[in-house]
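Each chain, written out:
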Amino acid sequence: MYKIQVGFYFDQTRCIGCSACVIACKDWHDIPAGSENWMRIRYNERGKFPNVFVSYLINPCFHCEDPVCIPVCPVGAIIKREEDGIVIVNSDLCLGNEECDSKCLKACPYNTPQFGSKKGAKMRKCDYCLDRHLEGKLPVCIETCRTRALDAGNMEELKSKYGQIKETDNFIYSERTKPSIIFKPKKK
Amino acid sequence: MENRENEDIQIIRSSSAFDCGGRCPLRLHVKDGKIIRIEGDDYEEKDEQLRTCLRCRALRQYIYHPERLKYPLKRDGPKGSGNFKRISWDEALTEIALKLKEVKKKYGNSSIFLVLGGGYQGALHDGMFAMMRLLTQFGGFSTHYGNVSSEGAVYATQTQYTSPFVGHSRNDLLNSKLIIMWGWDPARMISGSDTIFNLIKAKEKGIKIICIDPRYTDSAVVLADQWIPIIPGTDTAMMVAMAYVMIKENLYDKEFLDKYTVGFDKFKEYVIGIEDNIPKTPEWAEKITSVPAETIINLTREYVKTKPAALMDCQGPARSAVGELYNRCAMTLTAMTGNVGRNGGSAAGGLMGIPYGHMFFGSRIPPPYRNPVETGLKSVRGSLDLQLRFQARCHTNKTFDAILKGKEGGYPFDVKFAWFVNNNFLNQLGNTNKSAEALKKLEYMVIADLWLTPTARYADIILPVTSIAEKNDLTRPWPSGPYFTCVNQAIESIGECKSDLRIAEELADKLGLKEFDKYLDEKKTLRFLIKLREDTRKNIRNIDKFRQDGIYRLKLEEPYVAFKEQINDIENKPFETPSGKIEIFSQRIADLRDPENPPIPKYMERWEGRYDPLNKKYPLQLLSPHPKNRIHSEMYLVEWLKEVEPHVAWINPVDAEPRGITNGDELLVFNDRGKLTIKAWLTERIIPGVISIFEGAWYNPDENGIDRGGCVNVLTKDAYSPGGASALNSCLVQVKKFEGGV
């Protein structure tokens, strides 16, 4: 369907939850402080002292194979690029968070679409650093990661390099949307 | 200095220079004179890239923060009110010069107090060096002694090795078979830009990692095969019990001890109970530490049998009343297991420094002569007598007590004029409320800073300082190179900001100090500074390239290992201690005859620990570790950083529930020294009986004297251990839900 599909690899056993990727993303895309975060870190803690389990998880846009955000958008503001499968939004077309009741956000199983806190804010989200991608560079989060827990690229290549594992702690693979991410999972 | 990426954007290669254990290469993208983006190291060996953390990723919001100071300010209201009016540099420096001359004439030079921190660490523009040079030439000044962070480890390593270079190259961790991280969280406290990644590589190589800590730290989250939670302040009891197991089971390296150490017999007498009739058994330690005796025994056997093993102590547990004894016990264990001086081992000692690119060897413009206020004193060289350090100085954690009490309080000076540079000590030293009282009474205060910090609010004059993007400089990593970096100017000064060096030079004119040398030509001076030190002179052949790259990486043929020379050839290369060996027993300390400062490492309870009777009134121990989203209190105002981790107190549900505290509740944390409010974060990641508040949040007292900023030091004590460690982690508090009243 698509020539290639790009996506992410995340080694959950390496993530210290430092949030350098979150801030690098805000810096690169010039996003002011506030609730709009194209990259987020999800935290999970289980167990009772002293038997504790903790995991961190990245949450960019997973550029799903079947993005459910696209059909629900009343104005067709979201598209999936044929050449690489990157899901991008035309914020100029977006009606804003109030007028359409954030349909894309409600549809997305990973809460990826970001509206910011202002009334009428248009949707924006992780675009796989499209500007960098077009220059042959990896997304800024990848080069930021101090523990090298992240990689990105053509999913077929990532799978041959890192394997096929689709789920990890705190992450359920959506058969409906088919997120483009594979993991080295953290288990306990 | 620049690479052109496209027509509009210049890439300036620079480096951080904060009071941070990371020194990270930065690529500043500059367009139309403004930094628009920041990227990190792009070294071709990706595994060896020195990747910067979230803090310098947010550097843009720091440099361009709307609250950055842009003009000199003069107080325009009561001290501490925060009311200031803008004045010109000429007015500010004229007033300061007049005041300095007046104070000198009336009270003498010892009443001029220079308060020095580590907030900016460049060879040329560091205000510490500039102001020391200036005030030396003005007739002298008083100052303070002791590093807030690491003094316990400094004293301990001076005692047993007489060298601060106790570290290995970080990649030597990969030569280990077992790594014991004892009170060390490099995921947050960046002790080396590449440290956490080397530890991850070690773990993935199959090296077992054990974390001993009151908290399940972020380092433990990714590294720990085993987490051993321990009651704060009792690490030494567990270490001594490990020595007991080694002795009882005959597991220690006698040959190593005979050949390389002195005083083990005296330590052994203490451990097995000859000295005090208390055998330091694992069962004895279990009652103190809460670590099961079986865990202590198993860990000891594993540690002894796995060679080489790296016991990595750090500085946090020593930042306590226990202080240097923690590092001394750790060093003793590394000697008993023969792990000193070998690849994959560790000398312990908590400082982790290697003598390649280390900040201790940094260049500076030397003062032309000794500070006149400190001439004619007894020599401190080689001595472990802390009192000698206080002939003309106070302890750093007594800075404000000294300001408050002066000679009447037993200090060697009465402060009438204080100059604060590179620090926010009101916020960062113990007992902030008392410190604020001291600053209210201080006759005259000048501070040079980028921000209207809680400390700056008490100043008479505030001078605005440039950020690292606004000057050229050299800097070095704190503990571990091996590399050198440059700070390269990317933008023009914001507002009317000046570097600390320039401030000193202009003040010299106002003071009429014609002999004060100026270094106005940065390029020439940086060349001079590079040539000043042997390591930079020898290695950096192409200075222009070094400055353009922003970094020079030293290539070591093999990892540096502390004391390898001594271990390989003790006859010809003795340790620098008086005995030439590792001093488990220190005659220099014995000679001080201070019962609080034992010549052998021991477990001592001291004060404000779990077993202090004060525990009845204040039953929780308070820890104040390094935050990840600030460098101490620096960068506190940066919103990107604030939002990634709200300022919360870690508290175990076991402690929260009986107090009716649920997650997210506003807490009142209090003791006799102060009160603060902060949100509760209920977590199983902290041992019961302990709460943890990251240091560095800004002090913001309300009209009832309750700190609403969550500055942990309103609770901590302005005290130090016998070896000089600032005892900020020995602190007892009580906690309740904050209902708006007291």
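Thresholds, definitions, all that
Residues numbered from 1 in each chain as written. Chains lettered and ligands numbered in written order. Predicted model: local features only at pLDDT ≥ 70, side-chain atom pairs only at ≥ 80, totals over all residues. Helix = DSSP H or I, 4+ residues; strand = E, 2+ residues; numbered from the N terminus. Rg over C-alpha atoms; globule rule 2.2 N^0.38 Å. Buried ≥ 20, exposed ≤ 12 C-beta atoms within 10 Å, placed from the backbone. Contact = placed C-beta atoms within 7 Å. Core = buried A, V, L, I, M, F, W, Y, C linked by C-beta atoms within 7 Å. Nonpolar A, V, L, I, M, F, W, Y, C, P; charged D, E, K, R; others polar. Pairing = 2+ DSSP bridges. Axes fitted to C-alpha atoms, helices over the stretch in contact; angles between N-to-C directions. Right-handed = clockwise from strand over helix to strand, strands pointing away. Domains from an automatic or database assignment. pLDDT = per-residue confidence, 0-100.

**Some thoughts on the overall build of chain A**
Phase 1 of the analysis: Per the secondary structure count, chain A includes six helices and seven strands.
Phase 2 of the analysis: Ordered by position in the sequence, the α and β elements of chain A form the string β-α-β-β-α-β-β-α-α-α-β-α-β.
Phase 3 of the analysis: Over its C-alpha atoms chain A spans a radius of gyration of 16 Å, differing by no more than 12% from the 16 Å that the globule rule assigns to 188 residues.
Phase 4 of the analysis: When each of the 188 residues of chain A is scored for burial, the buried share is 43%.
Phase 5 of the analysis: A separation of at least 24 residues holds for 63% of the contacts in chain A among residues at least 6 apart in sequence.

**Examining the environment of Trp28(A)**
Residues and elements named next belong to chain A.
Phase 1 of the analysis: Tracing the backbone through its elements, the reader meets Trp28 in helix H1 (residues 20-28).
Phase 2 of the analysis: When the 22 C-beta atoms within 10 Å are taken as the criterion, Trp28 is described as buried.
Phase 3 of the analysis: Counting along the chain gives 112 residues from Trp28 to Val140, while the straight-line C-alpha distance between them is 7.3 Å.

**Remarks on the nonpolar core**
Phase 1 of the analysis: Residues Leu150(A), Ile180(B) and Ile651(B) are the most contacted members of the largest nonpolar core, which totals 290 residues.
Phase 2 of the analysis: Tallying contributions element by element places helix H8 (residues 235-248) of chain B first for this core, with ten residues.
Phase 3 of the analysis: Residues contacting Leu150(A), with those up to four places away along its chain left out, are Phe8(A), Tyr9(A), Phe10(A), Cys21(A), Ile58(A), Cys141(A), Ile142(A) and Cys145(A).

**Some words on the interface of chain A and chain B**
Phase 1 of the analysis: With 26 residues of chain A at the contact, the number on the chain B side is 29 residues.
Phase 2 of the analysis: Looking at the side of chain A that touches chain B, the elements that each hand over two or more residues are H1, strand E2 (40-48), strand E3 (51-59) and helix H5 (140-144) of chain A.
Phase 3 of the analysis: Counting residues per element, the side of chain A that touches chain B draws most heavily on H1(A), at seven residues.
Phase 4 of the analysis: Grouping the constituent residues of the side of chain A that touches chain B by class yields twelve nonpolar, six polar and eight charged.

**Re the sheet that holds strand E20 (residues 551-553) of chain B**
All names here are of chain B.
Phase 1 of the analysis: What the three strands build is an open sheet, ordered E18-E19-E20; its pairing is antiparallel. Looking at which strands have only one partner, the edges of the open sheet turn out to be strand E18 (473-475) and E20. Here the average twist between neighbouring strands, direction ignored, is 15 degrees.
Phase 2 of the analysis: By the bridge criterion, three bridges tie E18 to strand E19 (residues 483-487) in an arrangement that is antiparallel.

**Description of the environment of Leu257(B)**
Residue and element names in this part refer to chain B.
Phase 1 of the analysis: Note on placement: Leu257 falls in helix H9 (residues 254-260).
Phase 2 of the analysis: A count of 22 C-beta atoms within 10 Å places Leu257 in the buried class.
Phase 3 of the analysis: Each C-alpha atom, one on Leu257 and one on Pro482, is 31 Å from the other, the two residues being 225 residues apart in sequence.
Phase 4 of the analysis: Those residues in contact with Leu257, other than ones at most four positions away along the chain, are Tyr252, Phe264, Ala335 and Met336.

**Focus on helix H6 (residues 195-204) of chain B**
Phase 1 of the analysis: Taken together, the buried positions of H6(B) are Thr195(B), Ile196(B), Phe197(B), Leu199(B), Ile200(B) and Ala202(B).
Phase 2 of the analysis: Where H6(B) is buried, its residues touch strand E9 (178-182) and helix H7 (218-223) of chain B.

**Focus on the pairing of E9(B)**
Residue and element names in this part refer to chain B.
Phase 1 of the analysis: Within E9, five of the five residues are buried, which leaves it mostly tucked inside the rest of the structure.
Phase 2 of the analysis: The alternating pattern of E9 places Leu178, Ile180 and Trp182 on one face and Ile179 and Met181 on the opposite face, and all of these are buried.
Phase 3 of the analysis: In this sheet, strand E10 (residues 208-212) lies alongside E9 in parallel orientation, the contact comprising five bridges. Among the inter-strand pairings, Met181 is bridged to a residue of E10, identified as Cys211.
Phase 4 of the analysis: Following the chain from E9 across H6 to the adjacent parallel E10, one finds a crossover that is right-handed.
Phase 5 of the analysis: Where E9 meets strand E13 (residues 309-313), five bridges bridge the pair, whose relative direction is parallel. Opposite Trp182, over in E13, you have Asp313 as the bridge partner.

**Some words on unusual backbone geometry**
Phase 1 of the analysis: The omega torsion across Phe49(A) and Pro50(A) is 0 degrees, close enough to zero to call that bond cis.
Phase 2 of the analysis: Note on placement: Pro50(A) falls in the loop between E2 and E3.
Phase 3 of the analysis: Of note, the amide linkage connecting Lys307(B) to Pro308(B) takes the cis form, showing an omega dihedral of -5 degrees.
Phase 4 of the analysis: Considering the arrangement of structural elements, one finds Pro308(B) in the loop between helix H12 (293-305) and E13.
Phase 5 of the analysis: Positive phi values are uncommon outside glycine, yet Ser102(A) reaches one of about 50 degrees.
Phase 6 of the analysis: The backbone of Asn111(A) sits at a positive phi, close to 50 degrees, despite the residue not being glycine.

**Quick notes on the domain arrangement of chain B**
Residues and elements named next belong to chain B.
Phase 1 of the analysis: Split by domain assignment, chain B resolves into domain 1 (73-145 + 363-475 + 483-553), domain 2 (152-356 + 560-590) and domain 3 (613-737).
Phase 2 of the analysis: If you look at the interface, domain 1 gives 21 residues, while domain 3 gives 22 residues.
Phase 3 of the analysis: Elements that contribute at least two residues to the side of domain 1 that touches domain 3 include exactly helix H15 (399-405), helix H16 (425-428) and helix H17 (432-441).
Phase 4 of the analysis: When its residues are assigned to classes, the side of domain 1 that touches domain 3 shows six nonpolar, twelve polar and three charged.

**Describing the confidence of the model for chain B**
Phase 1 of the analysis: Across chain B, the average pLDDT comes to 96, with 99% of residues at 70 or higher.
Phase 2 of the analysis: Our summary of model confidence lists the complex with pTM equal to 0.97 and ipTM equal to 0.97.

**What to know about the pairing of strand E1 (residues 6-11) of chain A**
Residue and element names in this part refer to chain A.
Phase 1 of the analysis: Of all the six residues making up E1, six are buried; the element is thus mostly covered by neighbouring parts of the structure.
Phase 2 of the analysis: Bridge analysis of E1 against strand E6 (residues 150-154) gives five bridges, and the strand direction is antiparallel. Looking at E6, one finds that Phe8 is bridged to Ala152.
Phase 3 of the analysis: Relative to strand E7 (residues 181-184), E1 is paired through four bridges, and the arrangement is parallel.

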